[in-house]
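Residue strings, one per chain:
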Amino acid sequence: MEELYCIGCGAQIQTKDKEKAGYTPSAALEKGLETGEVYCQRCFRLRHYNEITDVNISDDEFLKLLHEVGDSQALVVNVVDIFDFNGSIIPGLPRFVAGNDVLLVGNKKDILPKSVKDGKVTQWLTERAHEEGIRPVDVVLTSAQNNTAIRELIDKIDAYRKGRDVYVVGVTNVGKSTLINAIIQEITGDQNVITTSRFPGTTLDKIEIPLDDGSYIFDTPGIIHRHQMAHYLSAKDLKYVSPKKEIKPKTYQLNPEQTLFLGGLARFDYISGEKQGFTVFLDNNLKLHRTKMIGADAFYDKHVGSLLMPPGPKDLAGFPNLVKHEFTITEKTDIVFSGLGWIRVTGKARIAAWAPEGVAVLLRKALI
């Protein structure tokens, strides 16, 4: 078959992979060939429904895009996932946006327990951003899924951009496209089907959303973080690492030499210290199992894919081995399993955190 290209964004048309650029269903392709207008599914939704969907690009393409941001006079809106802050930071962002203001948006605030005050989260995000070399002009907490604080975000974008263009950047899975869609809906007030797109630029490197004064909001593709748990799970199991509802923390009283399995995805060993409570912040549906450290290796080998799920039995073959990371804790600290959640340690302890090879495990000041 001859190579076909989307007339909206220029991507090569393909019918195999929904996640990749240029995807269009076979039936839609046949209709497009009849009319002479072949669009990928992403551009079709953009044209007819004003619905933006994220697209993944390579690291090199993303670096090129960041250079473009750095070379322009713009406000940079950096969207991060509050539930997975470390996994949603863009490496090297401060270097690329040098000279441009950064507005930090903490998305998915609805996932945190309601008892956590916004002021505490804002302060915590600011501190973590500073550690990464980012000095935001402001921090806004939103929930794109629940349309929380969208008007506040729009007002702050308008105040800080000072007539400049706006670039919205973020890694995949932070809810950036949902947020952009909520902004468009709030600005236009239009939820109905629109037959022509309001957005002139639908190229794969960015989507241009025109503003009244001739400037643009540029929605950029998400960069993939290689060390996130999501990359090792099937589509069915992604729900365990992308909570959609408020998480309910669970506290486990552990003696030294006890182990807690987080499904089959990770493991937490309490090596030494006084008996104490460890609080787990994970998706509510992930099953946890407590056992003795002495037989934990054999327990995992026997039960992973059955009692310890996910991964399910079909996914075991491609699932990496768990790798051990040991830490000595002296103050209230979160042990973060990148893209999965965290365990809060309050007292002095020697612990080991096990995660799939390639998935980051790190310590940070406790969020809650």
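Here, every reference points to the structure presented above.
So, a few notes on the structure that sits alongside this text.

Conventions and cut-offs
Residues numbered from 1 in each chain as written. Predicted model: local features only at pLDDT ≥ 70, side-chain atom pairs only at ≥ 80, totals over all residues. Heavy atoms only, no water. Core = buried A, V, L, I, M, F, W, Y, C linked by side-chain atoms within 4.5 Å. Buried < 20%, exposed > 50% of the residue type's maximum accessible area, 1.4 Å probe, protein only. Helix = DSSP H or I, 4+ residues; strand = E, 2+ residues; numbered from the N terminus. Contact = heavy atoms within 4.5 Å. Phe/Tyr/Trp six-rings, centres within 6.5 Å; stacked < 30°, edge-to-face > 60°. Lys NZ or Arg CZ within 6 Å of the ring centre and 35° of its normal. Polar contact = N/O pair within 3.5 Å; in protein donor to acceptor, adjacent residues only side chain to side chain. Pairing = 2+ DSSP bridges. Expected span 1.5 Å × (residues − 1). Arc of directions from axis to C-beta. Salt bridge = Lys/Arg side-chain N within 4 Å of Asp/Glu carboxyl O.

**Quick look at the nonpolar core**
- Counting residues in each nonpolar core, the largest one holds 59 residues, and the members touching the most others are Val-77, Leu-125, Leu-153 and Ile-157.
- Sort the elements by how many residues they give to this core and strand β2 (residues 74-81) lands first, with six residues.
- With near-sequence residues (within four places) excluded, Leu-125 lies in contact with Val-80, Ile-82, Phe-85, Leu-104, Gly-106, Val-139 and Leu-141.
- Ala-266, Leu-288, Tyr-300 and Ile-351 belong to the second-largest nonpolar core, a separate cluster that totals 40 residues.

**A short note on the packing of aromatic side chains**
- Under the definition given, this model contains seven aromatic pairs.
- Ring centres of Tyr-270 and Phe-278 lie 4.8 Å apart, and the angle between their planes is 65°; this geometry places the pair in the edge-to-face category. In this pair, the class of Tyr-270 matches that of Phe-278, namely buried.
- Judged by centre distance (5.1 Å) and plane angle (15°), the ring pair of Phe-281 and Trp-342 falls under stacked. With Phe-281 in strand β12 (residues 276-281) and Trp-342 in strand β16 (residues 341-345), this residue pair connects regions lying 61 residues apart in the sequence. Note on accessibility: Phe-281 and Trp-342 belong to one class, buried.
- Three or more aromatic residues joined by ring pairs form one cluster here, namely Phe-83, Phe-281 and Trp-342.
- Its end group placed over the ring of Phe-96, Arg-95 keeps NZ or CZ at 4.9 Å from the ring centre.
- Lying over the aromatic face of Trp-354, Arg-267 brings its terminal NZ or CZ to 4.2 Å of the ring centre.

**Quick word on the side chain of Arg-267**
- Residue position: Arg-267 is located in strand β11 (residues 266-273).
- Note on Arg-267: relative accessible area 5%, which makes it buried.
- Polar side-chain contacts of Arg-267 include one of 2.6 Å to the side chain of Asp-297.

**Re the pairing of β16**
- Buried residues dominate β16, accounting for five of its five residues.
- Across the two faces of β16 the burial is the same, with Gly-341, Ile-343 and Val-345 and Trp-342 and Arg-344 all buried.
- Pairing of strand β15 (residues 333-337) with β16, which is carried by five bridges, proceeds in the antiparallel orientation. Its bridge partner lying in β16, Val-336 is registered against Trp-342.
- Connecting β15 to the antiparallel partner β16 that follows it, the hairpin turn spans three residues, and Gly-339 within it adopts a positive phi of roughly 80°.

**A few points about helix α5 (residues 118-131)**
- Counted at 1.5 Å a residue, the expected span for α5 with its 14 residues is 20 Å, and the 20 Å between its end C-alpha atoms agrees.
- When α5 is considered as a whole, its buried residues turn out to be Val-121, Trp-124, Leu-125, Arg-128 and Ala-129. All buried residues of α5 project into a common sector of 135° when viewed along the axis, lining one side.
- Within two residues after α5, Gly-133 carries a phi angle of roughly 85°, on the positive side.

**Thoughts on the pattern of salt bridges**
- By the definition in use, this model includes 18 salt bridges.
- We note a salt bridge from Glu-127 to Lys-365, for which the minimum N-O separation is 3.3 Å. Pair noted here: Glu-127 is in helix α5 and Lys-365 is in strand β18 (residues 361-365), with a separation of 238 residues, a long-range link.
- Between Arg-364 and Asp-334 there is a salt bridge, and its shortest N-O distance comes to 3.1 Å. Taken as a pair, Arg-364 in strand β18 and Asp-334 in strand β15 lie far apart in primary sequence, 30 residues in all.
- What makes Arg-364 buried here is its relative accessible area of 7%.
- Because the salt bridges share partners, they merge into one network encompassing Glu-127, Arg-128, Glu-131 and Lys-365.

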